[in-house]
2 protein chains.
Amino acid sequence: MAEEGVPGATDFPVKRPREEEEENGVSASAVSMELEGNKEQPDCISTVIPGWFSEISPMWPGEAHSLKVEKILFQGKSEYQSVMVFQSSTYGKVLILDGVIQLTERDECAYQEMITHLPLCSIPNPKKVLVIGGGDGGVLREVSRHSSIEQIDICEIDKMVVDVSKQFFPDIAVGYDDPRVNLHIGDGVAFLKAVPEGTYDAVIVDSSDPVGPAQELFEKPFFQSVSNALRPGGVVCTQAESIWLHMDIIEGIVANCRQIFKGSVNYAWTTVPTYPSGVIGFMLCSTEGPPVDFKHPVNPIDANESSNKCKGPLKFYNSEIHTAAFCLPSFAKKVIESKAK
Amino acid sequence: MAEEGVPGATDFPVKRPREEEEENGVSASAVSMELEGNKEQPDCISTVIPGWFSEISPMWPGEAHSLKVEKILFQGKSEYQSVMVFQSSTYGKVLILDGVIQLTERDECAYQEMITHLPLCSIPNPKKVLVIGGGDGGVLREVSRHSSIEQIDICEIDKMVVDVSKQFFPDIAVGYDDPRVNLHIGDGVAFLKAVPEGTYDAVIVDSSDPVGPAQELFEKPFFQSVSNALRPGGVVCTQAESIWLHMDIIEGIVANCRQIFKGSVNYAWTTVPTYPSGVIGFMLCSTEGPPVDFKHPVNPIDANESSNKCKGPLKFYNSEIHTAAFCLPSFAKKVIESKAK
């Protein structure tokens, strides 16, 4: 039970911010210079300034979202990325990877529920599911609400993300408590290549942005591996950026998917306040086989009250918002539908 | 034609920010103190720091969205509020009232198209429309796409907003060029009280947040006046805040509307990246009379190509996203539907 503690948590060295100066030498009074001088910062790593965290990246130039920090709970550097957790003043605890907000306790429900139930509610009786990324465990929590599921494999590259989530985000890492879950620490690309053909009913790719460790997860060879790992009529859902910021990236993903997934190729989106531009999208594709109509869920979860016992009720997802997520603003529809043909 | 110049523009004194110090005495190097010290700032007015504009308000504590400023184009103080226009580096020109972003050229389409076409596409043959607020002219631009409309009245309290929009936002203020438009500068509450009963097919309330000049536009007597001004089966659409930030305000608005509008009471939402939390909602209500099913538009505008000549094509709205806008996340649905009964 998540409430009872943090199973398997490691004792991390917790660093505290100093009053006047951060470790990297940026002083509190240099905030505006820091904002201005983003170009000079290596690895696009935003800096925690005393009082506030600002998310600055060339992925969304000219804008920044900031959250007020109550207390920094963890700062570390794994083999792959920098990892930080802080208590914010109004969004609960926040997980940051390489300076980019991955989740906040206040709005994680929108992302985790949508990336999971959009694919799983679109096929009858999913039994075997693979999660690539998603080390925080939130997608696992949502997958495990489906009683038809027998096997949940997850391949996360960065063990530090798993450990940090188990220590600081028990209501999210609760997903790991499910006995159907098998955790593999390793490269998702390599893992998928080794999967026997047609193994999974669904693959969920819960990745960070296509810079850093997640870059390959947006490329064509990866989609080919996903397709091979899926049964005929199997489904994939991948994190697919923002229609407001990244139509160029999305255009490329749609074009790649159209070549590889011969069932159907769709784009859906949802609102997540702490993601840049306030929205995040998903590619939903199926392989050749029994047809999948993603827009009309055949496996509704709304009424499945038994799933709520350990995990609490669904906060965001319902069948209506499932269908609505596929309705795109005209500017996005035009680009996506032209690529999808 | 908007492209030919700025009809009726006033010659405003344009103030430039000084290098080291803003007019209010906040120095460039004091940014973090300023962020921290928001409590002390009068009127929640965010300050332009050299390089960036940060939107800070007790309406969304603990978070701030910032836009990089290329050039400040206008700063003034009207009888009602402070008014600022700046050129941002990635969102086009931006209009700020009392420190809060009202619109940016890059994403204004989402707000203006949805607040207008959600009500007008829900009734057959709208003829007389009243806009309360909306001084920038964007809603007028959208209303005037509807060829059935004979009369468009607008009541904006602050002439400076109208003038500034005509000078700096010609593609938005183009709405004023329509000969069906009658501009009234004055208090929307008083204007509505004087409207003969049953005058309008639709009333659109394009207000700022319920602090400052727009406060009364969220209160029951105002909704009663709107109801009186509408014909039987007439519709109102009002700006109704964010489901992520303001469920308490929304709950109150829904309860008020339910008492006053005896046709139907609905909540819809859309994505606007530069609004706090990235979403904005609308109350859509109808008066007793011919029933209005807001979720299924009877007056589609998608095919109305003639409207595109001066104003450009619709960028955001289409009939699918109209219907989708009424699908709410479970956490919001629960509150809104319980109040709506």
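Residues numbered from 1 in each chain as written. Chains lettered and ligands numbered in written order. Predicted model: local features only at pLDDT ≥ 70, side-chain atom pairs only at ≥ 80, totals over all residues. Heavy atoms only, no water.

Focus on the overall build of chain A
A tally of helices and strands in chain A yields 11 helices and 13 strands. Across the 341 residues in chain A, those meeting the buried criterion constitute 63%. Pairs at least 24 apart in sequence give 68% of the contacts found in chain A among residues at least 6 apart. Roughly 12800 Å² of accessible area belongs to chain A as shown, and the carbon and sulfur atoms make up 52% of that amount. (Helix = DSSP H or I, 4+ residues; strand = E, 2+ residues; numbered from the N terminus. Buried < 20%, exposed > 50% of the residue type's maximum accessible area, 1.4 Å probe, protein only. Contact = heavy atoms within 4.5 Å. Areas by Shrake-Rupley, 256 points an atom, 1.4 Å probe, with all protein chains shown as cover.)

Observations concerning the interface of chain B and chain A
Opposite the 47 residues of chain B that make contact, chain A presents 47 residues. Around 4000 Å² of area is buried between chain B and chain A when both sides are counted, 57% of it from carbon and sulfur atoms. On the chain B side of the contact with chain A, Trp52, Gly62 and Trp244 of chain B bury the most area, a combined 16% of that side's loss. On inspection of chain B and its partner chain A, the count reaches two salt bridges. A salt bridge links glutamate 320 of chain A to lysine 333 of chain B; its shortest N-O distance comes to 3.1 Å. Inspection of the region where chain B meets chain A yields 26 residue pairs in polar contact (both at pLDDT 80 or more). Sorting the residues of the side of chain B that touches chain A by element identifies α1 (31-36), β3 (63-77), α2 (108-120), β12 (264-271), α10 (319-324) and α11 (330-339) of chain B as the ones contributing at least two each. Looking at which element gives the most residues to the side of chain B that touches chain A, the answer is β3 of chain B, with six residues. (Buried area = accessible area lost by both parts, 1.4 Å probe. Salt bridge = Lys/Arg side-chain N within 4 Å of Asp/Glu carboxyl O. Polar contact = N/O pair within 3.5 Å; in protein donor to acceptor, adjacent residues only side chain to side chain.)

A closer look at the packing of aromatic side chains
Enumeration over the complete set of coordinates arrives at 19 aromatic pairs over all chains. On the numbers, 6.5 Å between centres and 75 degrees between planes, the contact of phenylalanine 223 of chain A with phenylalanine 261 of chain A is edge-to-face. Here phenylalanine 223 of chain A is found in helix α7 (residues 220-229), whereas its partner phenylalanine 261 of chain A is found in the loop between α8 (247-260) and β12 (264-271), with 38 residues between them in sequence. For phenylalanine 223 of chain A, a relative accessible area of 1% translates into the label buried. By relative accessible area, phenylalanine 261 of chain A is classed as buried at 1%. Ring centres of tyrosine 111 of chain B and phenylalanine 282 of chain B lie 5.9 Å apart, and the angle between their planes is 40 degrees; on these two criteria the pair is classed as tilted. With a gap of 171 residues between them, tyrosine 111 of chain B in helix α2 and phenylalanine 282 of chain B in strand β13 (residues 279-286) connect regions that are remote in the sequence. Here arginine 106 of chain B stacks its cationic end above the ring of tyrosine 91 of chain B, 4.2 Å away from the centre of that ring. Taking NZ or CZ as reference, lysine 166 of chain B lies 4.6 Å from the ring centre of tyrosine 176 of chain B, over its face. (Phe/Tyr/Trp six-rings, centres within 6.5 Å; stacked < 30°, edge-to-face > 60°. Lys NZ or Arg CZ within 6 Å of the ring centre and 35° of its normal.)

Observations regarding the sheet that holds strand β9 (residues 181-185) of chain B
Residues and elements named next belong to chain B. The sheet built from seven strands is open, its strands ordered β9-β8-β7-β10-β11-β13-β12 with mixed pairing. The two strands at the open ends of the sheet, each matched to only one other strand, are β9 and β12. Geometrically, the sheet is characterised by an average inter-axis angle of 15 degrees between neighbouring strands, direction not taken into account. Bridge analysis of strand β7 (residues 128-133) against strand β10 (residues 200-206) gives five bridges, and the strand direction is parallel. Each bridged residue has a counterpart across the sheet, and for leucine 130 the counterpart in β10 is valine 203. In this fold helix α7 (residues 220-229) packs onto β7, β10 and β11 (230-239), with an angle of close to 140 degrees to the strand it touches most, β11. Docked against the sheet, helix α8 (residues 247-260) engages β12 and β13, running at close to 150 degrees with respect to β12. (Pairing = 2+ DSSP bridges. Axes fitted to C-alpha atoms, helices over the stretch in contact; angles between N-to-C directions.)

Focus: α8 of chain A
Residues separated by three or four positions in an α-helix point in the same direction, a consequence of the helix having 3.6 residues per turn. With 14 residues, α8 of chain A extends 20 Å between its outermost C-alpha atoms, agreeing within 8% with the 20 Å of an ideal straight helix rising 1.5 Å per residue. Regarding α8 of chain A, the residues found buried are Met247, Ile250, Ile253, Val254, Asn256, Cys257 and Ile260 of chain A. (Expected span 1.5 Å × (residues − 1).)

A few points about the sheet that holds strand β8 (residues 151-156) of chain A
All names here are of chain A. The seven strands are arranged β9-β8-β7-β10-β11-β13-β12 in an open sheet whose pairing can be described as mixed. Two strands bound the open sheet, and with one partner strand each, they are β9 (181-185) and β12. For this sheet, the mean inter-axis angle between neighbouring strands, taken without regard to orientation, is 15 degrees. Where β8 lies against β9, five bridges are found, and the strand directions are parallel. Opposite isoleucine 152, over in β9, you have valine 181 as the bridge partner. Here helix α2 (residues 108-120) sits on the sheet in contact with β7 (128-133), β10 (200-206), β11 (230-239), β12 and β13 (279-286), set at roughly 155 degrees to β10. In this fold α8 packs onto β12 and β13, with an angle of close to 150 degrees to the strand it touches most, β12.

Regarding the pattern of salt bridges
Per the stated rule, a full pass over the model turns up 16 salt bridges over all chains. Within this structure, Glu108, Arg141, Glu142 and Arg145 of chain A form a network of salt bridges that share partners.

Remarks on the relation of the copies chain B and chain A
For these two chains of identical sequence, chain B goes onto chain A by a turn of 180 degrees and a shift of 0.0 Å along the axis, with RMSD 0.0 Å. Within this description, the copies of the chain are treated as partners about a two-fold rotation axis. (Least-squares fit on C-alpha atoms with pLDDT ≥ 70 in both.)

Comments concerning the packing of α7 of chain A against α8 of chain A
Residue and element names in this part refer to chain A. Between α7 and α8, the shortest axis-to-axis distance is 10 Å and the interhelical angle comes to 40 degrees. With respect to α8, the element α7 is oriented oblique. At the point where α7 passes α8, the crossing takes the right-handed sense. Mapping the contact onto sequence places Lys220, Phe223, Gln224 and Ser227 in α7 and Ile253, Asn256, Cys257, Gln259 and Ile260 in α8. (Parallel < 35°, antiparallel > 145°, perpendicular 65-115°, else oblique. Left-handed = near helix turned anticlockwise from the far one by under 90°.)

Here we look at the environment of glycine 99 of chain A
Following the sequence through the fold, glycine 99 of chain A ends up in the loop between β5 (93-97) and β6 (100-104). When the C-alpha positions of glycine 99 of chain A and isoleucine 56 of chain A are compared, they lie 7.6 Å apart, and in sequence the two are 43 residues distant.

Some remarks on the UniProt feature "active site" (unreviewed entry) in chain A
Residue and element names in this part refer to chain A. UniProt feature "active site" (unreviewed entry): in the numbering of this structure it lies at Asp206. Looking at aspartate 206, the relative accessible area reads 9%, which means it is buried. With residues near it in sequence (within four places) discarded, aspartate 206 still touches Tyr111, Gln112, Ile115, Ile132, Gly133, Gly134, Asp136 and Val139. For aspartate 206, the side chain forms a polar contact with the side chain of tyrosine 111, separated by 2.5 Å. (UniProt positions renumbered as here; feature names shortened; annotations may be inferred.)

So, the nonpolar core
Among the nonpolar cores identified, the biggest contains 156 residues, and Phe261 of chain A together with Phe261 of chain B are the most heavily contacted of them. In this structure, phenylalanine 261 of chain B is in contact with Phe223, Val226, Ser227, Leu230, Val236, Cys285, Ser286 and Thr287 of chain B, ignoring residues within four places of it in sequence. (Core = buried A, V, L, I, M, F, W, Y, C linked by side-chain atoms within 4.5 Å.)

So, the domain arrangement of chain A
Many analyses report the size of an interface as the accessible area lost when the parts associate. Residue and element names in this part refer to chain A. Along its sequence, chain A is carved into domain 1 (46-104) and domain 2 (107-338). If you average the C-alpha positions of domain 1 and of domain 2, the two centres end up 23 Å apart. Of the roughly 2200 Å² buried at the junction of domain 1 and domain 2 (both faces included), carbon and sulfur atoms supply 70%. Per-residue buried area on domain 1 facing domain 2 is highest for Met59, Tyr80 and Leu103; these three make up 28% of the total on that side. (Domains from an automatic or database assignment.)

Remarks on the pairing of β6 of chain A
Residue and element names in this part refer to chain A. By the criterion of burial, β6 is predominantly enclosed, with five of the five residues buried. As defined by bridge partners, β5 adjoins β6 across four bridges and the pair is classed as antiparallel. Its bridge partner lying in β6, leucine 95 is registered against leucine 103. Linking β5 to β6, which pair antiparallel, is a turn of two residues; within it aspartate 98 sits at a positive phi near 45 degrees.

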